[in-house]
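So you can see what is in the structure, the chains are spelled out below.
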Amino acid sequence: MMKNRRLLFVGHPAGEPTDDCFELSVDEVPEIGLGEALVQVTHLSVDPAQRMWMNPGGVYEVGARIGSPMLSLAVGEVIASRCAAYTVGDRVSGMLGWQEYAVVDAGLRRAMPVPAEVEGPAALGVFGLNGQTAYWGLLDVGRPVPGESVLVSAAAGATGSLVGQLARIAGAGQVVGLAGSAAKREWLTELGFDAAIDYRADDLAEQLDRTCPAGIDIYFDNVGGPLLDLALERLNVGGRIVLCGAISAYNDSGWGPGPVQYRQLIRKRGRMQGFIVMDYAPRYSDALLRLRAWEADGRLRHREDIVDGLDRAPEALRRVLRGDHVGKLIVAV
């Protein structure tokens, strides 16, 4: 009998997730029933949201269950099927979890087809939820106007790196990224960012003033915390803050302090709006067509940081939360 190695979620973390939050289980590969299909998982997506899913109650109506494989978006190949929705050999993506084999169906455990020309890792990044998040967050919530200045935090991550390039495609007059290492900042300039700034720099405020002397029209926020206040202080009249994430606080208990400079939104007649990418699910295909076209003509580039081995998934998650990666971090099962 084939064995299914699974990393089970067994404890809510207090701060950064430790190895004790997970437990390796080796079980027989489950038999599929009528209306089900068996997927061999090939790649796991590693995302900051997974840390929020580990909290009691989860977030966005999604939560990891004690004793079940850790929740994770993943891609894989259908190797057995008793469901008309799946054919052996199909490549699919869905919430397959930290395991080598997953059972899917046409209902609550549904997986979506991966286009034949899309590689597995790319299906989790630029052509997955990261691409969708960047697309809808910038273009629908941020609504860039040609010539505007766009600032992006966590700009070398899977979402931020795409946001900056989409801003350039939309005609931004200036695109600036915040990133923590020289290697990340160098990559951002290769992607077409006009400037990349070390968000840890003691003189960050002065660097922002020099780099964005005309102010900021759109701030795409993946981080929260003090960086949000710095952006609010430099917001132009009619400026927009796109609230995508707050990774700086994901390992903290409680909500923490909010922005101090929120009154700038009144003075500058600005707008600060959060969004959940799942709300755009009915329109994912529209974004995917454009993302694939921009990738094909070279205007949209991406990078995958691939870690080998299911057992390395917990450390990969910690790396994402620390920002210790460039581009999209993926575990090859």
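Residues numbered from 1 in each chain as written. Predicted model: local features only at pLDDT ≥ 70, side-chain atom pairs only at ≥ 80, totals over all residues. Heavy atoms only, no water.

## Details of the overall build of the protein
Across its full length, the protein carries 10 helices and 15 strands. Taken over C-alpha atoms, the radius of gyration comes to 20 Å for the protein, in line with the 20 Å a tight globule of 333 residues would show. Each principal axis of the C-alpha distribution contributes one length, and for the protein these read about 65 × 45 × 35 Å. Within the protein, the fraction of its 333 residues that count as buried is 52%. For the protein, restricting intrachain contacts to residue pairs at least 6 apart in sequence, the fraction spanning at least 24 positions comes to 68%. (Helix = DSSP H or I, 4+ residues; strand = E, 2+ residues; numbered from the N terminus. Rg over C-alpha atoms; globule rule 2.2 N^0.38 Å. Buried < 20%, exposed > 50% of the residue type's maximum accessible area, 1.4 Å probe, protein only. Contact = heavy atoms within 4.5 Å.)

## Topic: the packing of helix α3 (residues 129–142) against helix α4 (residues 160–169)
It is at 9 Å that the axes of α3 and α4 come closest, and there the two elements cross at 45°. As the angle between them shows, α3 and α4 are arranged oblique. The element α3 and its partner α4 pack so that their crossing is right-handed. Facing N130, G131, A134, Y135 and L138 of α3, the residues of α4 in contact are L162, V163, L166 and A167. (Axes fitted to C-alpha atoms, helices over the stretch in contact; angles between N-to-C directions. Parallel < 35°, antiparallel > 145°, perpendicular 65-115°, else oblique. Left-handed = near helix turned anticlockwise from the far one by under 90°.)

## Concerning the sheet that holds strand β9 (residues 174–179)
The six strands lie next to each other as β10-β9-β8-β11-β12-β13, forming an open sheet whose pairing is parallel. The open sheet has two edge strands with one neighbour each: β10 (195–198) and β13 (271–274). Going across the sheet, the axis of each strand differs from the next one's by a mean of 15°, ignoring polarity. With four bridges joining them, β9 and β10 adopt parallel strand pairing. Its bridge partner being in β10, L178 is matched across the sheet by I197. α3 contacts β11 (216–221), β12 (235–243) and β13 of the sheet and is inclined by roughly 145° relative to β11. (Pairing = 2+ DSSP bridges.)

## Some words on the packing of α3 against helix α9 (residues 284–296)
When two helices pack together, their arrangement is given by the angle between their axes and by how far apart the axes lie. Running from N to C, α3 and α9 point in directions that differ by 100°, and their axes come no closer than 10 Å. For the element pair α3 / α9, the angle class is roughly perpendicular. Residues L129, G131, Q132, Y135, W136 and L139 of α3 pack against Y284, A287, L288, R290, L291 and W294 of α9. Classifying every residue of the contact of α3 with α9 by side-chain character gives nine nonpolar, two polar and one charged. (Nonpolar A, V, L, I, M, F, W, Y, C, P; charged D, E, K, R; others polar.)

## Regarding the packing of aromatic side chains
The relation between two aromatic rings is expressed through the spacing of the ring centres and the mutual angle of the planes. Overall, the coordinates contain five aromatic pairs when judged by the stated rule. Each ring, one from F22 and one from W98, has its centre 5.0 Å from the other, and the planes form 40°; the classification is tilted. Taken together, the residues F22 in strand β2 (residues 22–28) and W98 in the loop between β5 (91–94) and β6 (101–105) connect sequence positions 76 residues apart. Of the two residues, F22 and W98, both sit in the buried class. One aromatic cluster is present, formed by Y135, W136, Y280 and W294 through successive ring pairs. (Phe/Tyr/Trp six-rings, centres within 6.5 Å; stacked < 30°, edge-to-face > 60°.)

## Re empty space enclosed by the protein
In total, this model carries one cavity of 30 Å³ or more according to the counting rule given. As a volume, the largest cavity reaches approximately 50 Å³. G125, V126, G157, A158, S161, L162, W187, H302, R303, G327 and K328 together form the lining of the largest cavity. Taken together, the residues that form the lining of the largest cavity break down as four nonpolar, five polar and two charged. (1 Å grid on protein atoms, 1.4 Å probe; cavity = no way out; pocket = protein on both sides within 12 Å on 5 of 7 lines; lining within 4 Å. Points joined across faces, edges and corners; volume = space filled by probe spheres on them.)

## Side note on the side chain of R234
Mapped onto the secondary structure, R234 falls in the loop between α7 (226–233) and β12. A polar atom in the side chain of R234 sits 3.0 Å from the side chain of E233. Among all residues touching R234, those that are not within four sequence positions of it are A205, L208, D209, G215 and I216. (Polar contact = N/O pair within 3.5 Å; in protein donor to acceptor, adjacent residues only side chain to side chain.)

## Comments concerning the environment of D19
Within the secondary structure, D19 is located in the loop between β1 (3–9) and β2. Along the sequence, D19 and F9 sit 10 residues apart, while their C-alpha atoms lie 9.9 Å from each other. Those residues within four positions of D19 in sequence are excluded, and the remaining contacts are P314 and R318. In this structure the side chain of D19 is engaged in a polar contact, spanning 3.0 Å, whose partner is the side chain of R318.

## Here we look at the environment of P257
Examined against the element boundaries, P257 turns out to sit in the loop between β12 and α8 (264–267). Taking the relative accessible area as the measure of exposure, P257 reaches 82% and is therefore exposed. Separated by 31 residues in sequence, P257 and P226 have C-alpha atoms that sit 9.8 Å apart.

## Describing α3
Counting buried residues along α3, 11 of its 14 residues qualify, which places the element largely inside the surrounding structure. Listed in full, the buried residues belonging to α3 are N130, G131, Q132, T133, A134, Y135, W136, G137, L138, V141 and G142. The positive-phi residue at the C-terminal boundary of α3 is R143, with phi of around 50°.

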